[in-house]
Protein chains: 2
Amino acid sequence: MSYLGVGVSPGNVPVYHGSNLKVVDRRVRLVELVLRCLICGLAVLAAVLIGSDTQVKTIFGVQKRAKFTDMKALVFLVVANGLAAAYSLVQGLRCVVSMVRGSVLFSKPLAWAIFSCDQLMTYLTLAAVAAAAQSAVYAKLGQPELQWMKICNMYGKFCNQVGEGIASALIVSLSMVVLSGISAFSLFRLYGENKGKNSARW
Amino acid sequence: MSYLGVGVSPGNVPVYHGSNLKVVDRRVRLVELVLRCLICGLAVLAAVLIGSDTQVKTIFGVQKRAKFTDMKALVFLVVANGLAAAYSLVQGLRCVVSMVRGSVLFSKPLAWAIFSCDQLMTYLTLAAVAAAAQSAVYAKLGQPELQWMKICNMYGKFCNQVGEGIASALIVSLSMVVLSGISAFSLFRLYGENKGKNSARW
């Protein structure tokens, strides 16, 4: 590969460094691809579970319908998971292309872009899960001090489905945490300056 | 420094690499120290603002007192910011010690520990802010579909102080985001394998 010789005389770069790098890179890329597919699937599942959730109850002769738009936190969760699914699809395709080509990520601007987007999506999905989980706690337990009443004893089926959606979204955000670790690794190893010691130790 | 020669013949490691590394490391350490101090101060401020917040109202002859424990999300925020403050204090001291000694972070287990703790604290503070912000939105605007009423028109002063606390906690979590980027850099650059090209380009 051309990058191995730039600015360093050939004798300073043993061949195993290059193949070692490629093996690590291939494994990292594979884990990344699996995670991106998982995120894409689970984010769609979470968005569909919550977005399609509805329950009709007749209370004192009046029909009331519970839907996810009644709670802004759930709208935020659906939007965040929709974005995460679309983003993971695009990134998954990038992974497949670079695996097929066998290329190693060595462009700093691209690594920075992937790192920044991964970080952003991680914080976005995590914040959405936290807000939705907090709302779910209020819906399940109420907050008697503020006279916010429980609604899950009225809309049991609705609440259960929301719970499944939040669980799915939680796995999405935990996978995003791992992924942003991977993209941090892919970016910042490009700034390494102590090749000799570390390749000997790990 | 002893790490510069291990596994590489002396001719392969120009002196500017070592000093370059130390300059970068000193700057990174300085930014880290400033951020850790900022976080420590603002996290204490957020915890005090929210923890000490209280307002008494007489409604139909009955005295009612609003306090932060009425809302579980605020308790979570106070705890998360207390932890962030204590953690930043310890890490800040570590920064000062290593700046005084002039040592460069080169222990992978230590770098992994710092990275993991920073990540954990970042996600913890961010989740706490998201949950508290969601609760604040309900308190400010209510959620008429669920018959959760606004409480901020009753407890205006209480809500304002909570708002200031959440703003302070938001800056804490954004600073933690930058810090976890820095600790990712400090860790993963230890895995760099392409010294020649990158030190020539950046």
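Everything below is about the structure printed above this text.
From a predicted model like this one, the values you see are computed outputs, not experimental measurements.

A. Examining the side chain of Gln143(B) more closely. For Gln143(B), the position within the fold is in the loop between α3 (108–141) and α4 (156–188). Setting aside residues up to four positions removed in sequence, Gln143(B) forms contacts with Asp70(A), Met71(A), Lys72(A), Tyr138(B) and Trp148(B).

B. Representation of the packing of helix α4 (residues 156–188) of chain A against α4(B) within the structure. The geometry of α4(A) relative to α4(B) is characterised by a closest axis approach of 9 Å and an angle of 55° between their N-to-C directions. Taken together, the axis directions place α4(A) and α4(B) in an arrangement best described as oblique. As for how α4(A) packs across α4(B), the hand of that crossing is right-handed. Contacts between α4(A) and α4(B) involve Gly181(A), Ala184(A), Phe185(A) and Phe188(A) from the first element and Gly181(B), Ala184(B), Phe185(B) and Phe188(B) from the second. Among the residues making up the contact of α4(A) with α4(B), the classes are represented as six nonpolar, two polar and no charged.

C. Seen up close, the state of the cysteines. Residue and element names in this part refer to chain A. Considering all chains together, one arrives at two disulfides over all chains under this definition. Shown here is the disulfide that connects Cys-152 with Cys-159, its sulfur atoms set 2.0 Å apart. Measuring the twist about the S-S bond at about -85°, one finds the Cys-152-Cys-159 disulfide to be left-handed. Each member of the pair, Cys-152 as well as Cys-159, is classed as buried. Not part of a disulfide, Cys-117 finds its nearest cysteine sulfur in Cys-95, a span of 13 Å.

D. Here's a closer look at the packing of helix α3 (residues 108–141) of chain A against α3(B). For the pair α3(A) and α3(B), interaxial distance at closest approach is 8 Å and the crossing angle is 50°. Classified by the angle their axes make, α3(A) and α3(B) are oblique. Seen from above, α3(A) lies across α3(B) with right-handed handedness. The segment α3(A) lies against α3(B), with Thr122(A), Tyr123(A), Leu126(A), Ala127(A), Ala130(A), Ala131(A), Gln134(A), Ser135(A) and Tyr138(A) engaging Thr122(B), Tyr123(B), Leu126(B), Ala127(B), Ala130(B), Ala131(B), Gln134(B), Ser135(B) and Tyr138(B). Along the lines of polarity and charge, the residues of the contact of α3(A) with α3(B) split into 12 nonpolar, six polar and no charged.

How each quantity is defined
Residues numbered from 1 in each chain as written. Chains lettered and ligands numbered in written order. Predicted model: local features only at pLDDT ≥ 70, side-chain atom pairs only at ≥ 80, totals over all residues. Heavy atoms only, no water. Helix = DSSP H or I, 4+ residues; strand = E, 2+ residues; numbered from the N terminus. Contact = heavy atoms within 4.5 Å. Axes fitted to C-alpha atoms, helices over the stretch in contact; angles between N-to-C directions. Parallel < 35°, antiparallel > 145°, perpendicular 65-115°, else oblique. Left-handed = near helix turned anticlockwise from the far one by under 90°. Nonpolar A, V, L, I, M, F, W, Y, C, P; charged D, E, K, R; others polar. Disulfide = S-S within 2.5 Å. Buried < 20%, exposed > 50% of the residue type's maximum accessible area, 1.4 Å probe, protein only.

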